[in-house]
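Tertiary structure, described
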Amino acid sequence: MQPKEMGMNMKEGKLVNKWKLAVGYLMILSVLAACGTNVDSEKKANASKKVPSDILYMGLTNAPDSFNPLNTPGVSGRWTQRFFYDGLLEMPEPLTFEPALADSFETEDNQHYTIKLNQKAAWTDGTPITADDVVFTYNLIADPEVESVRGMAVSSLEGTNDVGKREAGLTELPNLVAVDDKTVTLKTKTPVDPNYLKEILGFEIFIVPKHILKDIPKKELANADFVTQPTVTSGSYKFVDYAKDDHLELVANEEYYKGAPEIKQLFIRIMNGTNLVTEFQSGGIQANAGGGIGVVPIQDVAILKEIDELTVDTNPSYSEQFALLNNDVFADTSIRQAIAHAINRQQIVDSLLKGEGEVLESAYTSASPYKNEDLKPTPYDPEKAKAFIAESDFDMSQEIRLVVPIGNKVREQYANLIEQDLKAVGFNVVQTTYDFPTTLELAQKGEYDLMLMGYAFTVDPDVSTYFASHGASNYSSYNDPESDALLEAGKKATTFEERKEIYNEFQVLWQKEMYVLPLYSDSQFAVKRNELTGGAKEFWAGSLSDISEWTLSGAQ
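As annotated in an unreviewed UniProt entry, the protein carries the name ABC transporter substrate-binding protein and comes from Carnobacterium antarcticum.

Spelled out as structure tokens, the structure:
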């Protein structure tokens, strides 16, 4: 939806005016371009100075599922929160960490850690961010009464069980101590790889304000004001407004402890991939979110590359597309293998991605140092699929509900191919589509048979959240004691070599049992207008680490 179609309250009126200014400028540029070579560079330079330099418009194809920093499973929700919540550390490059709320995060024995907080860090209401906030946040996630998908992140701390909840009899986590206002000490159950803890605990968890949340009944946290209108935050931008499925408005946090952002206002506009391209052409957006949540349709990438005012980068990815198999429905290994052999995944990569991707057999892409390179993809083989079907006792007459989230055009297209492939070997498939938040809700309830879903993984190979039997986002009801044991061993190993061996074994088991069918990992296209310094980076997860330093040229 164009801003002019929105309601006309004062705030939205300002948005429309700014929008008109930006679009007007770009229409001028388009006319000048259409006039050909008579427009000299000096005029172009003068025109560029009219670009509003303090407003950034970004395109997002997946609407945020939540703004709850404790309980947001969706990548889009987590990404948008990163604008207004900080963790202890930033990770601009894989396994390279920089200070955020924490100035340091150190250990001498891989089990006892000391965290020193930034002396200037403060909440947007002016209250200092202290060690008590960190201790409060980790204890809140570990509280059995609090709903949180971040449990696995704290599950290595002493006093938690395998899902990251506090052990019976404890009222708080032991050896998690606010030594003074700016110092936290903590202890893990066993020694762990420091990079694991820095990424999972330091980068992946947003610290929340104790003074705002401490008096809210725990069972009401999920629907509290801090979820729907998070006004007391810690990040470089402040939340202003969210128009559901349309746009998110943010404004610069002028008191940000790392320095006020250069760009003063930011609109994250939600649209499908086709509209994303149209908005780039018209100048309606200056950057896409990138990753798996700001997806430019592959067939339109060449169009954008022809526009001089745009920069288009092709980047590798830790993101991956899956066909989730409801294991309560597909309980037999044979029927899961039948599905794996029936779907022509290479065709998806070749025809829909124009070769810009790779077929996978696990959660680890070629970008990951933990990918098992000896594992070859399960081949497309309809006859073998039929043989597996004959081995199983699956009732082939039953209707298979294939759930597909809308927004990602390639996914919508390959859903059709998957439906055709499965019907070709005898499955009775019926496809249904929903917006992403609704799809996620169905996944959480297990109300599907087959579902298409994309995940953005961490550099660290621990995927317990998604594929351990107790994982908060284990939507497939994946439940294998051998798999759980390997995932647990992987978390406890303290060297890369030890972990590599364990996760290699985990991937072999995955291919054998096929509880979830990995489809592919596609290249990520980061697009931005040239006046923007910033935008999605090659290592997408670290793209917002320097958001406060992004600039737009053409200052007025």
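**A closer look at the sheet that holds strand β7 (residues 183-187)**
By definition, the strands of a sheet pair up through backbone hydrogen bonds, in either a parallel or an antiparallel sense. Strand order in the open sheet formed by four strands is β4-β5-β7-β6, with antiparallel pairing between adjacent strands. In this open sheet, the two strands that pair with only one neighbour each are β4 (102-107) and β6 (177-180). Across the sheet, the mean angle separating the axes of adjacent strands is 20° when strand polarity is ignored. Here β6 runs beside β7; their pairing, made up of three bridges, is antiparallel. When the bridges of β7 are listed, A178 appears paired with V184. Across the face of the sheet, helix α6 (residues 194-203) comes into contact with β4, β5 (112-117) and β7 while running at roughly 145° to β4.

**Here we look at the pairing of strand β10 (residues 265-270)**
Burial runs high along β10: six of the six residues are buried. Side-chain alternation along β10 places Q265, F267 and R269 on one buried face and L266, I268 and I270 on a second face that is also buried. Summarising the sheet, strand β1 (residues 55-60) and β10 pair through six bridges and their orientation is parallel. When the bridges of β10 are listed, I55 appears paired with Q265. By the bridge criterion, five bridges tie strand β9 (residues 247-252) to β10 in an arrangement that is antiparallel.

Definitions and cut-offs
- Residues numbered from 1 in each chain as written.
- Predicted model: local features only at pLDDT ≥ 70, side-chain atom pairs only at ≥ 80, totals over all residues.
- Heavy atoms only, no water.
- Pairing = 2+ DSSP bridges.
- Helix = DSSP H or I, 4+ residues; strand = E, 2+ residues; numbered from the N terminus.
- Axes fitted to C-alpha atoms, helices over the stretch in contact; angles between N-to-C directions.
- Contact = heavy atoms within 4.5 Å.
- Buried < 20%, exposed > 50% of the residue type's maximum accessible area, 1.4 Å probe, protein only.

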